[in-house]
Amino acid sequence: TKGNHRHFMLKEIYEQPIVVAQTLRAYLRRLEGTLALPTEDFDLASVKRVTIVACGTSFYAGLVAKYWFEQFARVPVDIDVASEFRYRAPVLEEGGLALFISQSGETADTLAALRHARAEGQKIAVVVNVPTSTMAREADLLLSTHAGPEIGVASTKAFTCQLAVLAALAANLARAKGRLSPDEERAIVRHLSEAPAALNGALAYDEAIQEMAPIIAAARDVLYLGRGPDYPLAMEGALKLKEISYIHAEGYAAGEMKHGPIALIDENVPIIVIAPSGPLFDKTVSNMQEVQARGGKVVLISDYDGIQAAGDGCVATITMPKVHPLIAPLVYAVPIQLLAYHVAVAKGTDVDQPRNLAKSVTVE
Ligand code: M6R
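Residues numbered from 1 in each chain as written. Predicted model: local features only at pLDDT ≥ 70, side-chain atom pairs only at ≥ 80, totals over all residues. Heavy atoms only, no water.

**A short note on the overall build of the protein**
Put simply, the rule is: Here a helix means four or more residues in a row that DSSP labels H or I, a strand means two or more in a row labelled E, and each is numbered from the N terminus. We take the radius of gyration over the C-alpha atoms and set the globule estimate at 2.2 Å times the residue count to the 0.38 power. Accessibility here uses a 1.4 Å probe with only protein chains present; expressed as a share of the type maximum, an area under 20% marks a residue as buried, one over 50% as exposed, and anything in between as partly exposed. For this analysis, residues touch if any pair of their heavy atoms sits within 4.5 Å.
Summing up its helical and strand segments, the protein has 14 helices and 12 strands in all. The globule rule puts the C-alpha radius of gyration for 364 residues at 21 Å, and the 20 Å found for the protein is close to it. Reported as C-alpha extents along the three principal axes, the dimensions of the protein are approximately 55 × 45 × 45 Å. Buried residues in the protein amount to 58% of all 364 residues. Long-range pairs, those at least 24 residues apart, make up 74% of the contacts in the protein with a sequence separation of at least 6.

**Notes on the environment of Ser58**
Along the chain, Ser58 turns up in helix H3 (residues 56-73). Residue class for Ser58 comes out buried when judged on its relative accessible area of 9%. Sequence-wise, Ser58 and Gln103 are 45 residues apart; in three dimensions their C-alpha atoms are separated by 7.1 Å.

**Observations concerning the nonpolar core**
To keep things clear, this is the line we draw: Note on terminology: a nonpolar core comprises buried Ala, Val, Leu, Ile, Met, Phe, Trp, Tyr and Cys residues joined through side-chain atoms within 4.5 Å.
Ranked by internal contacts, the top residues of the largest apolar core, which has 99 residues, are Trp68, Phe69, Leu99, Ile216, Val222, Tyr224 and Leu241. Within the second largest apolar cluster, 19 residues are counted, among which are Met257, Ile265, Ile271 and Met288.

**Focus on the state of the cysteines**
Test applied: Here, the term disulfide refers to a pair of cysteine sulfur atoms separated by no more than 2.5 Å.
Going through the model one piece at a time under the given rule, you end up with zero disulfides. Left unpaired, Cys161 is separated from the closest cysteine sulfur, that of Cys55, by 19 Å.

**Considerations on the sheet that holds strand S4 (residues 77-81)**
Our working rule: A pair of strands is treated as paired once DSSP finds two or more bridges between them. All axes here are fitted lines through C-alpha atoms, helices being fitted over the stretch that makes contact, and every angle between N-to-C directions spans 0 to 180 degrees.
One open sheet accounts for five strands, arranged S4-S3-S5-S6-S7; its pairing is parallel. On the outer flanks of this sheet lie S4 and strand S7 (141-144), each paired with one strand and no other. Each strand of the sheet is rotated relative to its neighbour by a mean of 20°, with strand direction disregarded. Pairing between strand S3 (residues 49-54) and strand S5 (residues 96-102): six bridges, direction parallel. The residue of S5 that forms the bridge with Arg49 is Gly96.

The structure is reproduced here in structure tokens:
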């Protein structure tokens, strides 16, 4: 049931601190400060390349994970949406791990891609939320998210749980490759363990986000900008807004603005900038100032330091708790989900059952 919440989507957004903690429990030994996988007998050390395949929100979780696999494990990563992957001629060499991400474990294109990868001799890992699903049954390495049933068509808690599993997997792979000292491992475990409390901190801005929703609800087009792991998050924010509020939205790499999309900017196009303070902050802020100089109305999502440094001149700001960069994508997912939710409610759309969409896409 929806409990006290008006929609399943809102209930599921609010469940995130608990279900992410639940999920992480299967992948971390918090007290020992060590990483763990649900199974011991999968040979991660021999993985030479990772090929990630998924659709929709699960694909964006995979895009974030690419940064982690490269950064921690130094393993090359290919990634594609399932509907493209299965109709190209992907080069899948020996020693490859094909990783499929799916809430339902039943998405037709992702499943077909899994079978194709298996036929090409890849080891198969899946991150799924339904442990009895077809993908779960067909995997060599089953990595469950413990988000519980997700009813809202817009994926929310499954996404943050996928990110939690993928961060832990990337760190496990790094360890298997001898690229993680015990101290580094302990630090990663500590950062990941801080995610549930940080998600709670992010939820505290629900009301502030609700108050600014009318700015977005009045727009015809909205742009989302981010860099690094916040770039896939920008695309996820745009997808969330499109699917439930029916407002046209695009997510862009902040640095790509001046290669075309900046031509769209005028006072009618709100721009949501996702920029936690950190190594990429100044770069993103300079792209933000370029759009402000063209009259663009910016909503800046950052932490206290970031808002202090760059919040002037924004039409609204959303302050997130200050978190380690590793968990920032999980934490910053919350305001973009809440924003899409409140805009959809303001527009009066059917939030849990948006038009033309199905929860599980089991046809091609
Ligand atoms: O069950 P899956 O994770 O395989 O589903 C993939 C997409 O259909 C799904 O994420 C879709 O994009 C959501 N409606 C996004 O909110």
